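# Remarks on the overall topology
Residue-level listing of the chains:
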Amino acid sequence: MSEPLIVREPNAYRPPAGFFDEVFGPGGVPHEHAQALVTELARMGPEQLAAAGRRRDAIFLQQGITFDATGEDGPVKDRPFPLDLVPRIMPGREWTQIKRGLAQRIRALNAFVDDVYHGREIVHAGIVPWNLIVSRSHFARAVHGIRPPGGVYTHVAGCDLVRDADGSWKVLEDNVRTPSGISYVLENRVAMTRLVPSLFQHYRVRPVDHYPQLLLAALRAVAPSTDEEATVVVWTPGPMNSAYFEHAFLARQMGVELVEASDLVVRDDVLYMRTTSGLQRVHSVYRRLDDDYVDPLEFRPESLLGVPGLVRAYRAGTVAVANAFGTGVADDKAIYHYVPEMVKFYLGEEPILDNVKTYLLSDPEQLEYVLPRLDQLVIKPTSESGGKGVFIGPSTPADELAALAEVLKAQPGRWIAQEVVKLSTVPTSGLDGTIAPRHVDLRPFAVFGETIKIVPGGLTRVAMREGSMIVNSSQGGGSKDTWVLEDGEDSDRAEPPNATPQVLPSLPDLQYGGWSDQQQQQQQTTLHARGQT
């Protein structure tokens, strides 16, 4: 094999000191699984990579694979989704451990949501304070006592993972409302095979294109019993939403209707879709808008995006909704602090994946510890998503930190603090095709039906600016195709082979309802305001 890129061109790529680089080890020697990639990148050279990047942008723009972002000059509309052409490669054995850790976490979060709206056993055990739960912005009193079919709430999950300086994987946050980005995972893979096919020639990469069928199967599995095939729809706020491409993409890939509120109506506690042939019953809904907007009779009365009576139909058990209404309570960054304890409490297991060290500022002792260290920590609002409102202490000016300290003292319960994670780096191509290290995270996507299945890899988000740790797409971040290498295991089932499926108790005196979906993309405040992701 030819000498690695870092040896042949010593100025081309230098991993920053103190960070784990996923391609190059100590002394610039590629990890074994990355050697063929390094050789092929060296053969291609910057010119070929840059030319492939220009073709990528033209194709994405033509096909509408775009995203909204906030740049230094303000909002940027409909930019081509930034796919970096250097893939992230992961050995199969490493992925097996990750997916089992994710499945464990999702089962615990699902049990927590059920417990919150029913027995509150974790509260009675003194583990999670009830006043913390009910003060979360996504706690939904309207669905108290409703249990969806099979006791599954978190049908679609996308937990964000990071890799620290020692190479260990940690969970940065949980997304179990409406995690976004799976469409880009699928489109990225198609684009990579067309734009840089030579990178695949030395690898057997596990496929990802079966996700829509996994999702469709889960939606049908939870639908109310029917003599005919269940009617499934994808419910979007509309084309003004920043994630509309993904909504339309998933509907098209599943072969189901994409609907808006004006297409739906509830009659006698049953949800119907308006068609040219009259009303057609809807059995299962994959919704892509937040709880606040789904039903003006139960949530925000001014919502123009919702369907009056939907929660009533959900309560009557005539329609399934994914994810479950009220699931967002498990999405909150203050609740995140307790997930390792949830794993122990509900599953009787030790967590496979650790949290990032987190401080709850509602605790006076933790607040006192954090305030003098603001310049060393990351401060996050508990109810926001998409990187909004986050302060990264080491890169925040002193006057802003001083102002932040006053805010934290006044409203400590609305914030958490986390230790700074030294995000791992992966070689990334610039506009001119040159390779440089950039920081990344990973969002795998799980579907929870009869079992939990996780698509190999997920959405690798990359901070495109040198030294930046902000990977969020809405804040100027990009993405990578994530390759999980074949290792003989061809199943997406995430639990160990001998795992016993979790069965939550049924409540015979309660009706079954549906499930809810996370709003990672959509912080819409009016019908015509685009959401942020």
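Computed from a predicted model, the values in this text were never measured in an experiment.

### Some remarks on the pattern of salt bridges
Inspection of the entire model under this criterion finds 26 salt bridges. With a shortest N-O distance of 3.2 Å, Arg 461 and Asp 160 are connected by a salt bridge. Placement of the pair is Arg 461 in strand 23 (residues 459-462) and Asp 160 in strand 5 (residues 160-163), with a sequence separation of 301 residues. Here Arg 461 matches Asp 160 in class, with each residue buried. One salt bridge in this structure joins Arg 288 and Glu 246, with 3.1 Å as the shortest N-O distance. Residue Arg 288 is found in the loop between strand 12 (284-287) and helix 9 (310-316), and its partner Glu 246 is found in helix 8 (residues 244-254); the two are separated by 42 residues along the sequence. You'll find Arg 288 and Glu 246 in the same group, each marked buried. Through salt bridges with shared partners, one network takes in Glu 22, Arg 88, Glu 94 and Arg 163.

### Some remarks on the side chain of Lys 480
Along the chain, Lys 480 turns up in strand 24 (residues 478-484). The class of Lys 480 is buried, set by a relative accessible area of 1%. Polar contacts involving the side chain of Lys 480 include one to the main-chain carbonyl oxygen of Pro 427, which spans 2.7 Å. For Lys 480, the side chain forms a polar contact with the side chain of Thr 428, separated by 3.4 Å. Setting aside residues up to four positions removed in sequence, Lys 480 forms contacts with Leu 83, Asp 84, Val 86, Arg 88, Asn 188, Val 426, Pro 427, Thr 428, Val 440, Thr 460 and Val 462.

### Notes on unusual backbone geometry
Cis geometry is found at the peptide bond from Ala 322 to Asn 323, where omega equals -10°. Residue position: Asn 323 is located in the loop between strand 13 (320-322) and helix 10 (333-336). Even without glycine at this site, Arg 120 takes up a positive phi of about 55°. Summarising the element assignment, Arg 120 is placed in the loop between helix 3 (92-116) and helix 4 (121-124). Looking at Arg 120, the relative accessible area reads 27%, which means it is partly exposed. Non-glycine residue Asp 268 carries a positive phi angle of around 50°. Here Asp 268 lies in the loop between strand 9 (264-267) and strand 10 (270-275). On the basis of relative accessible area, Asp 268 is assigned to the exposed category, the value being 75%.

### A closer look at the sheet that holds strand 15 (residues 358-360)
One open sheet holds the 4 strands; their spatial order is 15-18-16-17, and the pairing between them is antiparallel. The open sheet has two edge strands, strand 15 and strand 17 (391-392), and neither has a second partner. The pairing of strand 15 with strand 18 (residues 415-419) spans 3 bridges and is antiparallel. Bridge assignment links Thr 358 to a residue of strand 18, and that residue is Gln 418.

### Things to note about the confidence of the model for the chain
Across the chain, pLDDT averages 87, with 86% of residues at or above 70. Confidence drops under pLDDT 50 across residues 501-533; counting only partners more than four residues distant or on other chains, this segment forms 146 contacts.

### Concerning the packing of helix 6 (residues 182-195) against helix 8
The angle between the axes and the distance between the axes are what describe a pair of packed helices. Between helix 6 and helix 8, whose axes approach to 9 Å, the crossing angle comes to 70°. In terms of orientation, helix 6 lies roughly perpendicular with respect to helix 8. For the pair helix 6 and helix 8, contact is made by Ile 182, Ser 183, Tyr 184, Leu 186 and Glu 187 and by Phe 245, Glu 246, Phe 249 and Leu 250, respectively. In the contact of helix 6 with helix 8, the residues fall into 6 nonpolar, 1 polar and 2 charged.

### What about the packing of aromatic side chains?
Inspection of every chain in the model, using the stated rule, returns 11 aromatic pairs. Between Tyr 13 and Phe 24 the ring centres are 5.2 Å apart and the planes differ by 40°, which places this aromatic pair in the tilted class. Linking Tyr 13 in the loop between helix 1 (5-8) and helix 2 (35-63) with Phe 24 in the loop between helix 1 and helix 2, this pair joins segments that are 11 residues apart in sequence. The same class applies to Tyr 13 and to Phe 24, which are both buried. Ring centres of Tyr 314 and Phe 325 lie 4.6 Å apart, and the angle between their planes is 70°; on these two criteria the pair is classed as edge-to-face. In this pair, Tyr 314 is assigned in helix 9 and Phe 325 in the loop between strand 13 and helix 10, connecting sequence segments 11 residues apart. Residues Tyr 314 and Phe 325 agree in their burial class; the two are buried. Members of the aromatic cluster, each reached through a chain of ring pairs, are Tyr 117, Trp 130 and Phe 139. We note Lys 422 situated over the ring of Phe 19; from NZ or CZ to the ring centre the distance is 5.8 Å.

### Considerations on the environment of Arg 414
With respect to the helices, strands and loops of the structure, Arg 414 is situated in the loop between helix 13 (398-410) and strand 18. The class of Arg 414 is exposed, set by a relative accessible area of 53%. Expressed as a C-alpha distance, the spacing of Arg 414 and Glu 384, which sit 30 residues apart in the sequence, is 9.9 Å. With residues near it in sequence (within four places) discarded, Arg 414 still touches Lys 380, Pro 381 and Thr 382.

### Quick look at helix 11 (residues 339-347)
Those residues of helix 11 that fall on the buried side of the exposure criterion are Val 339, Pro 340, Met 342, Val 343 and Leu 347. Buried residues of helix 11, viewed axially, fall in a sector of 155°; they line one side. Directly beyond the C-terminal end of helix 11, a positive phi value near 65° is found at Gly 348.

The rules behind each value
Residues numbered from 1 in each chain as written. Predicted model: local features only at pLDDT ≥ 70, side-chain atom pairs only at ≥ 80, totals over all residues. Heavy atoms only, no water. Salt bridge = Lys/Arg side-chain N within 4 Å of Asp/Glu carboxyl O. Helix = DSSP H or I, 4+ residues; strand = E, 2+ residues; numbered from the N terminus. Buried < 20%, exposed > 50% of the residue type's maximum accessible area, 1.4 Å probe, protein only. Polar contact = N/O pair within 3.5 Å; in protein donor to acceptor, adjacent residues only side chain to side chain. Contact = heavy atoms within 4.5 Å. Pairing = 2+ DSSP bridges. pLDDT = per-residue confidence, 0-100. Axes fitted to C-alpha atoms, helices over the stretch in contact; angles between N-to-C directions. Parallel < 35°, antiparallel > 145°, perpendicular 65-115°, else oblique. Nonpolar A, V, L, I, M, F, W, Y, C, P; charged D, E, K, R; others polar. Phe/Tyr/Trp six-rings, centres within 6.5 Å; stacked < 30°, edge-to-face > 60°. Lys NZ or Arg CZ within 6 Å of the ring centre and 35° of its normal. Arc of directions from axis to C-beta.

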